[in-house]
Amino acid sequence: MKTRICIATILTSAILMGLTGCQANEPDMNQENTGGLNVTDIPAEALNSEAGLPETGSLRPLYDDLYADCVNENGRYYLLDSETPLKDGSGAFRLMYMDFETQQEIYLCSNSSCNHDTRDCAAVFPMDEIAYACRLFLYNDSLYLLSAEYDDSGSITMQMMSDPSGSPAPEQASTLYRMNLDGTGREKVYEFEAGLTTESNIILGDDTGIYLVTKKLSTEQLNHTATRRTASERKLVRLSPSDWKTEIIYEFDPTEGDTQWDILGCFDSSLVLNRIVFDHELSTDEILDDDAYIDAYNHSKTEIAILNLTDHSIQTVYSLPNDPLNSYVQQGHMLYASIEGEDCVRQIDLITGEVSVLADLKENYIQYCFADVLLCTGWDSHSVMHFVNRTDGTVSDSRLQNLSLGWPLEFHGERKDDFLVVYDYEAIPHEDESYEITQYKFALIAKQDLYTGKANYRPITMIEKGE
(Lines give C-alpha, C1' and ligand atoms only; values in the text may rest on other atoms or scores of the structure.)
Protein backbone atom coordinates (compact mmCIF):
# COMPACT_ATOMS: atom_id res chain seq x y z
CA MET A 1 0.00 0.00 0.00
CA LYS A 2 1.25 3.46 -0.81
CA THR A 3 1.54 6.14 1.82
CA ARG A 4 1.76 9.88 1.57
CA ILE A 5 4.01 12.45 3.20
CA CYS A 6 1.69 15.13 4.55
CA ILE A 7 3.08 18.35 5.89
CA ALA A 8 0.42 20.56 7.42
CA THR A 9 0.61 24.16 8.56
CA ILE A 10 -1.29 27.44 9.16
CA LEU A 11 -1.34 30.70 7.14
CA THR A 12 -3.69 33.75 6.50
CA SER A 13 -5.23 35.42 3.20
CA ALA A 14 -7.19 34.35 -0.03
CA ILE A 15 -10.33 34.35 -2.19
CA LEU A 16 -13.51 32.33 -2.56
CA MET A 17 -14.26 30.21 -5.59
CA GLY A 18 -16.83 27.69 -6.96
CA LEU A 19 -18.44 24.61 -5.42
CA THR A 20 -18.13 20.85 -5.69
CA GLY A 21 -20.43 18.34 -4.07
CA CYS A 22 -20.56 14.70 -3.05
CA GLN A 23 -22.50 12.06 -4.90
CA ALA A 24 -25.21 10.53 -2.74
CA ASN A 25 -24.26 6.94 -1.88
CA GLU A 26 -25.19 4.41 0.76
CA PRO A 27 -24.70 5.82 4.29
CA ASP A 28 -21.17 5.48 5.65
CA MET A 29 -21.30 3.43 8.87
CA ASN A 30 -18.09 5.05 10.07
CA GLN A 31 -19.64 8.48 9.65
CA GLU A 32 -22.59 7.32 11.75
CA ASN A 33 -20.13 6.50 14.54
CA THR A 34 -19.64 10.25 14.98
CA GLY A 35 -23.19 10.52 16.24
CA GLY A 36 -24.39 12.05 12.98
CA LEU A 37 -21.94 14.95 13.13
CA ASN A 38 -21.43 16.54 9.73
CA VAL A 39 -19.32 19.41 8.45
CA THR A 40 -22.52 21.45 8.18
CA ASP A 41 -23.00 20.97 11.95
CA ILE A 42 -19.78 22.84 12.73
CA PRO A 43 -20.44 26.53 13.51
CA ALA A 44 -19.08 28.87 10.84
CA GLU A 45 -17.22 30.90 13.44
CA ALA A 46 -15.41 27.75 14.52
CA LEU A 47 -14.21 26.98 11.02
CA ASN A 48 -13.27 30.60 10.41
CA SER A 49 -11.12 31.02 13.49
CA GLU A 50 -7.41 31.61 12.94
CA ALA A 51 -6.61 32.39 16.57
CA GLY A 52 -2.98 32.48 17.53
CA LEU A 53 -1.70 34.10 14.34
CA PRO A 54 0.63 37.06 14.92
CA GLU A 55 -0.31 40.62 14.06
CA THR A 56 -0.62 41.37 10.37
CA GLY A 57 1.99 43.28 8.45
CA SER A 58 5.08 41.18 9.15
CA LEU A 59 6.48 38.02 7.63
CA ARG A 60 5.57 34.94 9.64
CA PRO A 61 6.51 31.25 9.52
CA LEU A 62 3.78 28.81 8.59
CA TYR A 63 5.47 25.43 8.86
CA ASP A 64 7.74 23.71 11.35
CA ASP A 65 9.65 20.48 10.66
CA LEU A 66 9.01 19.23 14.20
CA TYR A 67 5.48 20.52 14.70
CA ALA A 68 3.44 20.37 11.53
CA ASP A 69 -0.33 20.19 11.62
CA CYS A 70 -3.01 22.46 10.23
CA VAL A 71 -4.63 23.48 13.51
CA ASN A 72 -6.56 26.48 14.77
CA GLU A 73 -8.51 27.09 17.98
CA ASN A 74 -11.41 24.94 16.82
CA GLY A 75 -10.05 21.97 14.90
CA ARG A 76 -7.40 20.13 12.94
CA TYR A 77 -7.33 19.49 9.17
CA TYR A 78 -5.23 16.63 7.82
CA LEU A 79 -4.93 14.08 5.02
CA LEU A 80 -4.85 10.40 5.90
CA ASP A 81 -1.46 8.87 5.16
CA SER A 82 -2.77 5.64 3.65
CA GLU A 83 -4.20 5.14 0.19
CA THR A 84 -7.95 4.49 -0.08
CA PRO A 85 -9.40 2.58 -3.07
CA LEU A 86 -12.18 4.37 -4.98
CA LYS A 87 -15.14 2.83 -6.76
CA ASP A 88 -13.52 3.40 -10.15
CA GLY A 89 -10.50 1.30 -9.12
CA SER A 90 -8.12 4.23 -8.62
CA GLY A 91 -6.57 5.31 -5.33
CA ALA A 92 -6.97 8.46 -3.25
CA PHE A 93 -6.19 10.15 0.03
CA ARG A 94 -9.00 11.46 2.22
CA LEU A 95 -9.21 14.81 3.98
CA MET A 96 -10.23 14.73 7.64
CA TYR A 97 -11.33 17.26 10.24
CA MET A 98 -11.00 16.88 14.00
CA ASP A 99 -13.57 19.08 15.74
CA PHE A 100 -12.37 20.19 19.16
CA GLU A 101 -15.76 21.31 20.45
CA THR A 102 -17.46 17.94 19.87
CA GLN A 103 -14.16 16.04 20.24
CA GLN A 104 -14.90 13.98 17.14
CA GLU A 105 -13.10 13.12 13.92
CA ILE A 106 -15.05 13.36 10.65
CA TYR A 107 -14.44 13.26 6.90
CA LEU A 108 -14.38 16.82 5.54
CA CYS A 109 -17.51 16.26 3.48
CA SER A 110 -20.87 18.03 3.81
CA ASN A 111 -22.90 15.11 2.42
CA SER A 112 -23.96 12.85 5.31
CA SER A 113 -24.91 10.00 2.92
CA CYS A 114 -21.54 9.94 1.13
CA ASN A 115 -19.26 6.91 1.36
CA HIS A 116 -16.20 9.03 0.48
CA ASP A 117 -15.10 6.63 -2.25
CA THR A 118 -15.79 8.63 -5.42
CA ARG A 119 -13.92 11.49 -7.08
CA ASP A 120 -16.75 13.98 -6.56
CA CYS A 121 -16.52 13.68 -2.78
CA ALA A 122 -15.10 16.86 -1.22
CA ALA A 123 -12.94 14.77 1.13
CA VAL A 124 -11.30 12.74 -1.66
CA PHE A 125 -7.98 13.71 -3.27
CA PRO A 126 -7.22 11.30 -6.15
CA MET A 127 -3.61 10.12 -6.27
CA ASP A 128 -3.24 11.13 -9.90
CA GLU A 129 -3.92 14.77 -8.91
CA ILE A 130 -1.61 15.26 -5.92
CA ALA A 131 1.95 14.25 -5.06
CA TYR A 132 3.04 12.41 -1.93
CA ALA A 133 4.36 15.48 -0.05
CA CYS A 134 1.44 17.79 0.77
CA ARG A 135 1.07 20.83 2.97
CA LEU A 136 -2.27 22.05 4.30
CA PHE A 137 -2.72 25.62 5.51
CA LEU A 138 -5.42 28.19 6.25
CA TYR A 139 -5.47 31.54 4.49
CA ASN A 140 -8.22 34.14 4.98
CA ASP A 141 -11.13 31.81 5.66
CA SER A 142 -10.07 29.28 3.02
CA LEU A 143 -8.21 25.98 3.22
CA TYR A 144 -5.23 25.38 0.92
CA LEU A 145 -3.27 22.32 -0.09
CA LEU A 146 0.16 22.60 -1.68
CA SER A 147 0.98 19.39 -3.54
CA ALA A 148 4.68 18.81 -4.23
CA GLU A 149 7.13 15.99 -4.78
CA TYR A 150 9.39 15.06 -1.89
CA ASP A 151 12.43 17.35 -1.70
CA ASP A 152 15.42 14.98 -1.66
CA SER A 153 18.15 17.55 -2.35
CA GLY A 154 21.38 16.64 -0.59
CA SER A 155 20.53 12.93 -0.43
CA ILE A 156 23.15 10.41 -1.51
CA THR A 157 22.34 7.12 -3.25
CA MET A 158 24.74 4.19 -3.45
CA GLN A 159 24.34 2.07 -6.58
CA MET A 160 25.46 -1.44 -7.41
CA MET A 161 26.33 -0.22 -10.92
CA SER A 162 26.97 3.26 -12.26
CA ASP A 163 24.10 5.07 -13.94
CA PRO A 164 25.54 7.30 -16.65
CA SER A 165 22.23 8.99 -17.32
CA GLY A 166 21.78 10.35 -13.81
CA SER A 167 18.21 11.19 -14.78
CA PRO A 168 15.57 11.27 -12.04
CA ALA A 169 12.10 9.85 -12.61
CA PRO A 170 9.48 12.27 -13.97
CA GLU A 171 7.80 14.29 -11.22
CA GLN A 172 4.44 16.01 -10.82
CA ALA A 173 4.50 19.79 -10.92
CA SER A 174 3.99 21.52 -7.58
CA THR A 175 0.35 22.62 -7.45
CA LEU A 176 -1.70 24.82 -5.13
CA TYR A 177 -5.36 24.04 -4.44
CA ARG A 178 -7.89 26.24 -2.64
CA MET A 179 -11.19 25.14 -1.08
CA ASN A 180 -13.81 26.36 1.34
CA LEU A 181 -13.39 25.46 4.99
CA ASP A 182 -15.97 22.67 4.69
CA GLY A 183 -14.00 21.11 1.80
CA THR A 184 -16.30 22.31 -0.99
CA GLY A 185 -15.31 24.61 -3.84
CA ARG A 186 -11.95 22.98 -4.48
CA GLU A 187 -10.03 24.60 -7.34
CA LYS A 188 -6.50 24.49 -8.68
CA VAL A 189 -5.29 28.08 -8.37
CA TYR A 190 -1.63 27.75 -9.33
CA GLU A 191 0.71 25.23 -10.96
CA PHE A 192 4.44 25.78 -10.83
CA GLU A 193 6.69 25.39 -13.82
CA ALA A 194 7.55 21.80 -14.66
CA GLY A 195 10.89 20.82 -13.17
CA LEU A 196 10.63 23.14 -10.18
CA THR A 197 10.57 21.71 -6.67
CA THR A 198 9.22 23.60 -3.66
CA GLU A 199 11.17 23.11 -0.43
CA SER A 200 9.08 21.15 2.02
CA ASN A 201 10.51 22.74 5.17
CA ILE A 202 9.44 26.33 4.62
CA ILE A 203 6.23 28.22 3.98
CA LEU A 204 6.01 31.89 4.98
CA GLY A 205 3.28 34.46 4.66
CA ASP A 206 2.28 38.08 5.14
CA ASP A 207 -0.55 40.34 4.04
CA THR A 208 0.73 40.39 0.45
CA GLY A 209 1.05 36.68 -0.22
CA ILE A 210 2.54 33.24 0.32
CA TYR A 211 6.33 32.78 0.25
CA LEU A 212 7.95 29.55 -0.95
CA VAL A 213 11.44 28.44 -1.94
CA THR A 214 11.64 26.95 -5.42
CA LYS A 215 14.60 25.22 -7.05
CA LYS A 216 15.60 22.76 -9.73
CA LEU A 217 16.99 19.36 -8.78
CA SER A 218 19.55 17.32 -10.67
CA THR A 219 21.70 14.27 -9.99
CA GLU A 220 25.46 14.56 -9.59
CA GLN A 221 27.72 11.51 -10.03
CA LEU A 222 30.14 11.51 -7.07
CA ASN A 223 31.99 8.37 -8.16
CA HIS A 224 31.24 5.16 -10.03
CA THR A 225 28.74 3.96 -7.37
CA ALA A 226 27.38 7.09 -5.66
CA THR A 227 25.15 9.95 -6.77
CA ARG A 228 23.94 13.04 -4.96
CA ARG A 229 20.82 15.14 -5.56
CA THR A 230 21.80 18.78 -5.95
CA ALA A 231 19.81 22.01 -6.21
CA SER A 232 20.22 25.00 -8.51
CA GLU A 233 18.29 28.21 -9.32
CA ARG A 234 17.12 28.39 -5.69
CA LYS A 235 14.74 31.33 -5.16
CA LEU A 236 12.40 32.76 -2.57
CA VAL A 237 9.19 33.64 -4.42
CA ARG A 238 5.97 35.29 -3.37
CA LEU A 239 2.65 34.03 -4.72
CA SER A 240 -0.01 36.76 -4.69
CA PRO A 241 -3.62 35.64 -4.12
CA SER A 242 -4.93 38.73 -5.88
CA ASP A 243 -3.82 37.53 -9.32
CA TRP A 244 -2.05 34.19 -8.62
CA LYS A 245 1.22 35.38 -10.08
CA THR A 246 4.69 34.83 -8.62
CA GLU A 247 7.38 37.40 -7.93
CA ILE A 248 11.03 36.63 -7.17
CA ILE A 249 11.91 38.13 -3.77
CA TYR A 250 15.45 36.77 -3.37
CA GLU A 251 17.78 34.61 -5.46
CA PHE A 252 20.26 32.50 -3.52
CA ASP A 253 23.68 33.00 -5.12
CA PRO A 254 25.79 29.81 -5.29
CA THR A 255 28.96 31.85 -5.84
CA GLU A 256 28.42 33.53 -2.46
CA GLY A 257 27.64 30.29 -0.65
CA ASP A 258 23.97 31.24 -0.27
CA THR A 259 22.78 27.79 -1.32
CA GLN A 260 24.34 26.33 1.85
CA TRP A 261 21.86 28.23 4.03
CA ASP A 262 18.66 26.60 5.25
CA ILE A 263 15.74 28.75 6.35
CA LEU A 264 15.05 28.36 10.06
CA GLY A 265 12.26 30.94 10.30
CA CYS A 266 11.49 34.62 9.91
CA PHE A 267 10.41 37.81 11.63
CA ASP A 268 9.47 41.30 10.40
CA SER A 269 11.05 41.51 6.90
CA SER A 270 13.96 39.14 7.60
CA LEU A 271 14.69 35.45 7.22
CA VAL A 272 16.54 33.52 9.93
CA LEU A 273 19.10 31.20 8.32
CA ASN A 274 21.23 28.34 9.58
CA ARG A 275 24.05 26.29 8.07
CA ILE A 276 26.90 23.92 8.97
CA VAL A 277 30.37 25.35 8.39
CA PHE A 278 33.23 22.86 8.05
CA ASP A 279 36.82 23.89 8.74
CA HIS A 280 37.80 22.69 5.25
CA GLU A 281 36.13 21.71 2.01
CA LEU A 282 35.11 18.06 2.24
CA SER A 283 36.45 15.60 -0.29
CA THR A 284 34.22 13.01 -1.95
CA ASP A 285 35.79 10.32 0.25
CA GLU A 286 34.90 12.28 3.40
CA ILE A 287 31.34 12.78 2.18
CA LEU A 288 30.85 9.07 1.52
CA ASP A 289 32.76 7.59 4.46
CA ASP A 290 30.65 7.65 7.65
CA ASP A 291 33.56 7.81 10.07
CA ALA A 292 35.37 10.51 8.09
CA TYR A 293 32.22 12.60 7.80
CA ILE A 294 31.47 12.32 11.53
CA ASP A 295 35.01 13.41 12.32
CA ALA A 296 34.67 16.43 10.01
CA TYR A 297 31.26 17.25 11.49
CA ASN A 298 32.68 17.16 15.02
CA HIS A 299 35.14 19.87 13.99
CA SER A 300 32.45 22.03 12.36
CA LYS A 301 30.11 24.67 13.72
CA THR A 302 26.52 25.78 13.14
CA GLU A 303 25.99 29.41 12.15
CA ILE A 304 22.78 31.41 12.55
CA ALA A 305 22.33 34.47 10.34
CA ILE A 306 19.76 37.12 9.43
CA LEU A 307 18.89 37.79 5.78
CA ASN A 308 17.32 41.23 5.41
CA LEU A 309 14.91 40.99 2.50
CA THR A 310 14.88 44.78 2.10
CA ASP A 311 18.57 45.25 1.30
CA HIS A 312 19.50 41.55 0.80
CA SER A 313 22.29 41.72 3.39
CA ILE A 314 23.25 38.60 5.39
CA GLN A 315 24.66 38.99 8.91
CA THR A 316 25.85 36.08 11.06
CA VAL A 317 24.52 36.62 14.58
CA TYR A 318 25.37 33.43 16.52
CA SER A 319 27.34 30.20 16.22
CA LEU A 320 27.38 26.87 18.05
CA PRO A 321 29.97 24.08 18.09
CA ASN A 322 28.69 20.76 16.73
CA ASP A 323 30.76 18.79 19.25
CA PRO A 324 29.40 18.56 21.88
CA LEU A 325 25.87 18.34 20.55
CA ASN A 326 23.67 21.40 20.34
CA SER A 327 19.97 22.21 19.95
CA TYR A 328 18.25 25.42 18.95
CA VAL A 329 14.82 26.79 18.02
CA GLN A 330 13.61 30.21 16.90
CA GLN A 331 10.39 32.13 17.33
CA GLY A 332 10.02 35.76 16.35
CA HIS A 333 13.22 37.67 17.00
CA MET A 334 14.32 35.25 19.76
CA LEU A 335 16.66 32.29 19.32
CA TYR A 336 16.91 29.65 22.05
CA ALA A 337 20.01 27.43 22.16
CA SER A 338 21.67 24.81 24.33
CA ILE A 339 24.85 22.72 24.32
CA GLU A 340 25.07 19.27 25.88
CA GLY A 341 26.87 19.43 29.22
CA GLU A 342 26.49 23.18 29.78
CA ASP A 343 23.37 22.72 31.95
CA CYS A 344 21.52 25.81 30.78
CA VAL A 345 19.29 27.20 28.04
CA ARG A 346 20.37 30.47 26.46
CA GLN A 347 18.24 33.08 24.70
CA ILE A 348 19.60 35.29 21.94
CA ASP A 349 17.88 38.47 20.79
CA LEU A 350 18.36 38.39 17.01
CA ILE A 351 17.83 42.15 16.73
CA THR A 352 20.20 43.38 19.45
CA GLY A 353 22.52 40.34 19.59
CA GLU A 354 22.14 40.19 23.39
CA VAL A 355 22.83 36.71 24.83
CA SER A 356 21.58 35.67 28.27
CA VAL A 357 20.76 32.53 30.26
CA LEU A 358 17.02 31.86 30.25
CA ALA A 359 17.13 28.85 32.60
CA ASP A 360 19.58 26.63 34.44
CA LEU A 361 18.70 23.10 33.37
CA LYS A 362 20.78 19.91 33.21
CA GLU A 363 18.48 18.11 30.75
CA ASN A 364 18.58 20.97 28.25
CA TYR A 365 17.88 19.36 24.86
CA ILE A 366 15.31 21.72 23.24
CA GLN A 367 12.64 19.75 21.37
CA TYR A 368 9.86 22.28 20.75
CA CYS A 369 9.12 25.97 21.04
CA PHE A 370 5.47 26.61 21.93
CA ALA A 371 3.63 29.90 22.45
CA ASP A 372 4.66 30.31 26.08
CA VAL A 373 7.18 27.55 26.85
CA LEU A 374 10.10 25.54 25.53
CA LEU A 375 9.90 21.75 25.84
CA CYS A 376 13.26 20.30 26.93
CA THR A 377 14.32 16.73 27.68
CA GLY A 378 17.51 14.79 28.30
CA TRP A 379 19.85 14.16 25.38
CA ASP A 380 19.57 10.37 25.76
CA SER A 381 16.33 10.04 27.74
CA HIS A 382 12.95 11.65 27.12
CA SER A 383 11.19 10.27 30.21
CA VAL A 384 10.78 13.71 31.80
CA MET A 385 9.46 16.77 29.98
CA HIS A 386 10.83 20.08 31.26
CA PHE A 387 8.64 23.06 30.30
CA VAL A 388 10.66 26.28 30.41
CA ASN A 389 8.64 29.48 30.62
CA ARG A 390 9.88 31.75 27.82
CA THR A 391 9.16 34.89 29.86
CA ASP A 392 10.76 34.21 33.23
CA GLY A 393 12.69 30.94 32.76
CA THR A 394 10.80 29.00 35.44
CA VAL A 395 10.73 25.23 34.86
CA SER A 396 7.81 22.81 35.32
CA ASP A 397 8.42 19.06 35.14
CA SER A 398 6.00 16.46 33.77
CA ARG A 399 6.34 12.68 33.53
CA LEU A 400 3.33 12.09 31.31
CA GLN A 401 4.00 9.46 28.65
CA ASN A 402 2.08 7.28 26.20
CA LEU A 403 -0.18 5.16 28.38
CA SER A 404 0.43 1.76 26.78
CA LEU A 405 4.02 1.84 25.56
CA GLY A 406 5.68 4.47 27.73
CA TRP A 407 6.84 6.41 24.67
CA PRO A 408 6.95 10.23 24.63
CA LEU A 409 3.71 12.08 23.91
CA GLU A 410 3.20 13.16 20.29
CA PHE A 411 2.25 16.83 19.90
CA HIS A 412 -0.12 17.66 17.02
CA GLY A 413 -1.55 21.06 17.82
CA GLU A 414 -1.63 23.99 20.21
CA ARG A 415 -4.57 26.15 21.25
CA LYS A 416 -4.65 29.09 23.65
CA ASP A 417 -5.19 26.84 26.67
CA ASP A 418 -4.74 23.28 25.35
CA PHE A 419 -2.50 20.93 23.41
CA LEU A 420 -3.62 18.21 21.01
CA VAL A 421 -1.57 15.07 21.69
CA VAL A 422 -1.41 11.36 20.90
CA TYR A 423 -1.63 10.00 24.43
CA ASP A 424 -2.03 6.27 23.69
CA TYR A 425 -1.84 3.62 20.95
CA GLU A 426 -3.42 0.33 20.09
CA ALA A 427 -0.43 -1.74 19.00
CA ILE A 428 0.54 -5.28 18.00
CA PRO A 429 3.92 -6.39 19.43
CA HIS A 430 6.41 -8.27 17.24
CA GLU A 431 9.14 -10.72 18.17
CA ASP A 432 11.86 -8.17 17.45
CA GLU A 433 10.34 -5.92 20.17
CA SER A 434 8.91 -3.51 17.59
CA TYR A 435 5.22 -2.59 17.41
CA GLU A 436 2.67 -2.20 14.65
CA ILE A 437 0.46 0.76 15.53
CA THR A 438 -3.16 0.00 14.63
CA GLN A 439 -4.77 3.06 16.26
CA TYR A 440 -3.46 6.46 17.31
CA LYS A 441 -5.49 7.86 20.21
CA PHE A 442 -5.78 11.65 20.22
CA ALA A 443 -6.87 13.88 23.08
CA LEU A 444 -6.90 17.48 24.21
CA ILE A 445 -5.16 18.31 27.47
CA ALA A 446 -5.08 21.62 29.30
CA LYS A 447 -1.64 23.24 29.25
CA GLN A 448 -1.44 23.53 33.03
CA ASP A 449 -2.36 19.85 33.42
CA LEU A 450 0.37 18.90 30.96
CA TYR A 451 2.98 21.11 32.63
CA THR A 452 2.22 19.63 36.06
CA GLY A 453 1.88 15.99 34.97
CA LYS A 454 -1.88 15.57 35.41
CA ALA A 455 -3.30 13.07 32.90
CA ASN A 456 -6.64 14.82 32.42
CA TYR A 457 -7.07 13.83 28.78
CA ARG A 458 -10.22 14.68 26.79
CA PRO A 459 -10.19 11.94 24.11
CA ILE A 460 -11.18 12.53 20.48
CA THR A 461 -13.63 9.97 19.07
CA MET A 462 -11.84 8.54 16.04
CA ILE A 463 -13.27 6.93 12.88
CA GLU A 464 -9.90 6.28 11.21
CA LYS A 465 -6.48 5.05 12.34
CA GLY A 466 -5.31 8.58 12.99
CA GLU A 467 -1.95 8.30 11.19
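Our subject is the structure that appears above.
Described in the following lines is the structure provided in the data block. (Residues numbered from 1 in each chain as written. Predicted model: local features only at pLDDT ≥ 70, side-chain atom pairs only at ≥ 80, totals over all residues. Heavy atoms only, no water.)

**Some details on the sheet that holds strand β28 (residues 373-377)**
Part 1 of the argument: Strand order in the open sheet formed by 4 strands is β27-β28-β29-β30, and the pairing between neighbours is antiparallel. Taken across any chain shown, the strands that pair with only one partner, and hence form the sheet edges, are β27 (365-369) and β30 (395-398). On average, adjacent strands in this sheet sit at an angle of 30° to one another, irrespective of strand direction.
Part 2 of the argument: Pairing analysis gives 4 bridges linking β27 to β28, with the strands arranged antiparallel. Bridge pairing in β28 places Y368 opposite L375. (Pairing = 2+ DSSP bridges. Helix = DSSP H or I, 4+ residues; strand = E, 2+ residues; numbered from the N terminus. Axes fitted to C-alpha atoms, helices over the stretch in contact; angles between N-to-C directions.)

**Brief notes about unusual backbone geometry**
Negative phi characterises most residues that are not glycine, and trans characterises most peptide bonds.
Part 1 of the argument: Along the chain, D323 connects to P324 via a cis peptide bond; the corresponding omega equals 5°.
Part 2 of the argument: In this fold, P324 is placed in the loop between β22 (314-321) and β23 (326-331).
Part 3 of the argument: Of note in this structure, D141 is not a glycine but carries a positive phi near 65°.
Part 4 of the argument: Within the element layout of this structure, D141 appears in the loop between β9 (133-138) and β10 (143-148).

**What about the packing of aromatic side chains?**
Geometry of an aromatic ring pair is reported as the spacing of the ring centres plus the angle between the planes.
Part 1 of the argument: Tallied over the full model, the rule gives 19 aromatic pairs.
Part 2 of the argument: Look at Y77 and Y97: their rings are 4.8 Å apart centre to centre, the planes differ by 55°, and that puts the pair in the tilted class. Remark: Y97 occurs in strand β6 (residues 91-99) and Y77 occurs in strand β4 (residues 75-79); sequence separation between them is 20 residues.
Part 3 of the argument: Seen from their ring centres, Y144 and W244 are 6.1 Å apart, and the 50° between their planes marks the pair as tilted. Here the residue Y144 occupies a position in strand β10, and W244 occupies one in the loop between β17 (226-240) and β18 (245-251), the gap between them amounting to 100 residues. The two residues Y144 and W244 agree in class, both being buried.
Part 4 of the argument: Through a chain of ring-to-ring contacts, three or more aromatic side chains come together here, namely Y368, F370, F387, F411, F419 and Y451.
Part 5 of the argument: In this structure, R186 is placed above the aromatic ring of F125, and the distance from its NZ or CZ to the ring centre is 3.7 Å.
Part 6 of the argument: Note that K447 overlies the ring of F419, its terminal NZ or CZ placed 5.3 Å from the centroid. (Phe/Tyr/Trp six-rings, centres within 6.5 Å; stacked < 30°, edge-to-face > 60°. Buried < 20%, exposed > 50% of the residue type's maximum accessible area, 1.4 Å probe, protein only. Lys NZ or Arg CZ within 6 Å of the ring centre and 35° of its normal.)

**Some words on the nonpolar core**
Part 1 of the argument: M98, L420, F442 and I460 are the most contacted members of the largest nonpolar core, which has 24 residues in total.
Part 2 of the argument: Those elements that provide at least two residues to this core are β6, β32 (418-429) and β33 (435-446).
Part 3 of the argument: The leading source of residues in this core is β33, at 4 residues.
Part 4 of the argument: Grouped together as the second largest cluster of nonpolar side chains are 19 residues, C70, I106, L108 and M127 included. (Core = buried A, V, L, I, M, F, W, Y, C linked by side-chain atoms within 4.5 Å.)

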